[in-house]
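What follows is the residue order along each chain.
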Amino acid sequence: MPDKIERTLVIIKPDGLQRNLLGEVISRFEKKGLKITALKMMQLSDVLLDEHYAHHKDKPFFNDLKGFMKSAPCVAAVLEGYNAISAVRLLVGPTKGYEADAGSIRGDLCISGSSNIVHASDSPENTEKEVFRFFNNDELFKYKKIDYDYLYSEKEKGTE
Ligand code: CMP
């Protein structure tokens, strides 16, 4: 996979909202240098969750996962940055909070194996599907951030 400026989808889950961590989590993404190009609060439906978690539908935790994701609104966002998919996965940390390194969002902010605050896309193919699962084209914003010239080298900017 070539190094390039790319986008990724994140969802701040109901535990993030209920535990007053929205600002903290979004702030970590902003401070990293990621550009927010879409952001909205949503009550997730069965239809959307069945599609989003289709790869987990035979897992014993599937119904609990759906119940958890419907228990309060979520906040979905599209983030853009250099190698954003892997950079955001590192910031978020592995699935289980109790195994996540200190410094990561899950490592610092949760201890559960399932109530783990954030979802982040895991591949370019899934990102594109997930972006359009949560957002319409007219909800995706294109703009230049004023820190852009200081975040990236000329070579990195050429990958946009
Ligand atoms: P995430 O990796 O974002 O997407 C799948 C979600 O399923 C995961 O976060 C957890 O929230 C949840 N999950 C994964 N494994 C388990 C499990 N063993 N028990 C309950 N929930 C789980």
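Residues numbered from 1 in each chain as written. Predicted model: local features only at pLDDT ≥ 70, side-chain atom pairs only at ≥ 80, totals over all residues. Heavy atoms only, no water.

Student: Could you give an account of the nonpolar core, naming the residues involved and the relevant values?
Tutor: Ranked by size, the top nonpolar core spans 21 residues in total, and within it V25 and F29 carry the most contacts. When contributions to this core are tallied by element, the ones reaching two or more residues are strand 1 (5-12), helix 2 (22-32), strand 3 (74-82), helix 5 (84-92), helix 6 (105-109) and strand 4 (118-120). Per element, the largest residue contribution to this core is 4 residues, and it comes from helix 5. The contacts of F29, once residues within four sequence positions are left out, are V10, L34, L79, V88, L91, V92, I105 and V118. Counting 19 residues, the second largest nonpolar core, distinct from the first, contains L9, L44, Y53 and V131. (Core = buried A, V, L, I, M, F, W, Y, C linked by side-chain atoms within 4.5 Å. Buried < 20%, exposed > 50% of the residue type's maximum accessible area, 1.4 Å probe, protein only. Helix = DSSP H or I, 4+ residues; strand = E, 2+ residues; numbered from the N terminus. Contact = heavy atoms within 4.5 Å.)

Student: Could you give me a rundown of the packing of aromatic side chains, with the residues and numbers involved?
Tutor: For the structure on display, the rule yields 2 aromatic pairs. Geometrically, the ring pair formed by Y82 and Y152 is tilted, given 6.2 Å between the ring centres and 55° between the ring planes. Residue Y82 is located in strand 3, and its partner Y152 is located in the loop between helix 8 (148-151) and helix 9 (154-157); the two are separated by 70 residues in the primary sequence. Here Y82 falls in the partly exposed class, since its relative accessible area comes to 24%. Taking the centre distance of 5.7 Å and the plane angle of 65° together, the rings of Y148 and Y152 count as edge-to-face. Accessibility classification places Y148 together with Y152 in one group, the buried group. Through a chain of ring-to-ring contacts, three or more aromatic side chains come together here, namely Y82, Y148 and Y152. In this structure, K35 is placed above the aromatic ring of Y143, and the distance from its NZ or CZ to the ring centre is 5.0 Å. (Phe/Tyr/Trp six-rings, centres within 6.5 Å; stacked < 30°, edge-to-face > 60°. Lys NZ or Arg CZ within 6 Å of the ring centre and 35° of its normal.)

Student: Please set out the site of the ligand residue by residue, giving values where relevant.
Tutor: Neighbouring the ligand are K13, Y53, H56, F61, L65, T95, R106, S114, N116, V118 and H119. Side-chain polar atom of K13 to an oxygen atom of the ligand: 2.9 Å apart, as the coordinates give it. Contact distances for the ligand include 2.7 Å between an oxygen atom and a backbone N or O atom of S114. Look at the ligand: alone it shows 450 Å² of surface, and the protein chains cover 76% of it. Tallied by class, the residues present in the shell around the ligand amount to 4 nonpolar, 5 polar and 2 charged. (Near = heavy atom within 4 Å. Polar contact = N/O pair within 3.5 Å; in protein donor to acceptor, adjacent residues only side chain to side chain. Areas by Shrake-Rupley, 256 points an atom, 1.4 Å probe, with all protein chains shown as cover. Nonpolar A, V, L, I, M, F, W, Y, C, P; charged D, E, K, R; others polar.)

So far we have only geometry, and geometry alone does not tell us how the molecule works.
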